[in-house]
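Understanding the architecture of this molecule
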Amino acid sequence: VHHLFRLDIATKALTDLTPGWERPLDYENVETAFDVSPDGTEIAFHSMSVDRPYEDMAFAVYTVVPGEAPRRLWPDGPTMQRRPRYSPDGSRIAFGFAVEYPGFYGDRVRLAVSDRVADPVVLTEHWDRSCAGWEWTPDGSRLVFVAEDDARQHLYSIAASGGEPTVLARGG
């Protein structure tokens, strides 16, 4: 089981930020499972959202402030939440999610943004592509991501407030 640690460079003290945590962060890409807020005071991560014996494959996004227990970002949200990314000012978190349908695991990944006050805004609910690799633009006004279309990977952009994705570059 993965844990998040903080290393104090000056004192070389190592602190476990998720003591007692018994859920895996990710099975394949642990390096994309977390992000640190721009001011360094909080960490967002995705992890299994069910307890052992892990009979269901369900993930949720959590936030943790050092010294506090992790809190679920969207408690009543769909399963398969993943890849949280803080906006440049730290006020919002972008993440993806898929919806599990009985007998079907391959739903598309939708892109959502949470202001951490209201329920997240789903940016790509009505778009029939699966988003991947999203990152914020430096000014925090848009998200850039990759999505497949006609068997090609293209680079897209979408306003953080919603709208239609636009192609930035066509892939091969």
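The notes below deal with the structure included here.

Rules behind the numbers
- All residue numbers here refer to positions counted from 1 along the written sequence of the relevant chain.
- Thresholds applied to this predicted model are a pLDDT of at least 70 for local features of residues and 80 or more for the giving and counting of side-chain atom pairs; totals over whole chains, interfaces and linings are not thresholded and use all residues.
- Each side-chain value is derived from all of the structure's non-hydrogen atoms; neither hydrogens nor water enter the calculation.
- Whether a set of points on the 1 Å grid over the protein atoms alone is a cavity depends on a 1.4 Å probe fitting there but being unable to get out, while an open set qualifies as a pocket with protein on both sides within 12 Å along at least five of seven lines; lining residues are those with an atom within 4 Å of a point.
- Grid points are joined across faces, edges and corners, and a volume is the space filled by probe spheres set on the points.
- Only runs of H or I of at least four residues qualify as helices and only runs of E of at least two qualify as strands under DSSP, and these elements are numbered from the N terminus.
- Any residue outside Ala, Val, Leu, Ile, Met, Phe, Trp, Tyr, Cys, Pro, Asp, Glu, Lys and Arg is labelled polar, Gly included; the first ten of those are nonpolar and the last four are charged.
- Exposure classes here rest on a 1.4 Å probe applied to the protein chains alone. A residue is buried below 20% of its type maximum, exposed above 50%, and partly exposed in between.
- Among the buried residues, those of types Ala, Val, Leu, Ile, Met, Phe, Trp, Tyr and Cys that are joined through side-chain atoms within 4.5 Å form a nonpolar core.
- Contacts are residue-level and defined by heavy atoms, with any inter-residue pair within 4.5 Å sufficient.
- Here, a strand pair is defined by DSSP locating no fewer than two bridges between the strands.

1. Focus: the layout of surface pockets
In this structure, the largest pocket spans a volume of roughly 410 Å³. If you trace the largest pocket, you find 17 residues lining it, with Asp26, Glu28, Asn29, His46 and Arg82 closest to the centre. Going through the elements one at a time, β7 (82-86) and β11 (131-136) are the ones with two or more residues in the lining of the largest pocket. The leading source of residues in the lining of the largest pocket is β11, at 4 residues. Among the residues making up the lining of the largest pocket, the classes are represented as 8 nonpolar, 5 polar and 4 charged.

2. Observations concerning unusual backbone geometry
The linkage connecting Arg52 with the following residue, Pro53, adopts the cis geometry, with an omega of 15 degrees. Counting through the fold element by element, Pro53 comes out in the loop between β4 (43-48) and β5 (59-64). In this model, Arg83 sits at a positive phi of 55 degrees, which is unusual for a non-glycine residue. Mapped onto the elements of the fold, Arg83 is located in strand β7. When its relative accessible area of 14% is taken as the criterion, Arg83 is described as buried.

3. Observations concerning the nonpolar core
Grouped together as the largest cluster of nonpolar side chains are 15 residues, with contacts concentrated most on Leu111, Trp134, Leu143 and Phe145. At the level of elements, β9 (110-114), β11, β12 (142-149) and β13 (152-159) are the ones that each hand at least two residues to this core. Look past the residues within four positions of Leu111 in its chain and what remains in contact with it is Phe95, Val121, Val122, Leu123, Thr124, Cys131, Trp134, Leu143, Phe145 and Ile158. Membership of the second largest hydrophobic core comes to 10 residues, among which are Leu17, Ile43, Tyr62 and Val64.

4. A look at the sheet that holds strand β6 (residues 71-72)
The 4 strands are arranged β3-β4-β5-β6 in an open sheet whose pairing can be described as antiparallel. Two strands bound the open sheet, and with one partner strand each, they are β3 (34-36) and β6.

5. Let's talk about the pairing of β4
Most of β4 sits inside the fold, with 6 of its 6 residues counted as buried. Two elements, β3 and β4, share 3 bridges in a ladder whose sense is antiparallel. Each residue of the ladder has a partner; that of Phe34, found in β4, is Phe45. Counted along the chain from β3 to the antiparallel partner β4, the turn is 6 residues long, and its residue Gly40 has a positive phi close to 75 degrees. Sheet topology places β4 next to β5; 6 bridges connect them, and they run antiparallel. Within β5, the position partnered with Met48 by the bridge is Phe59.

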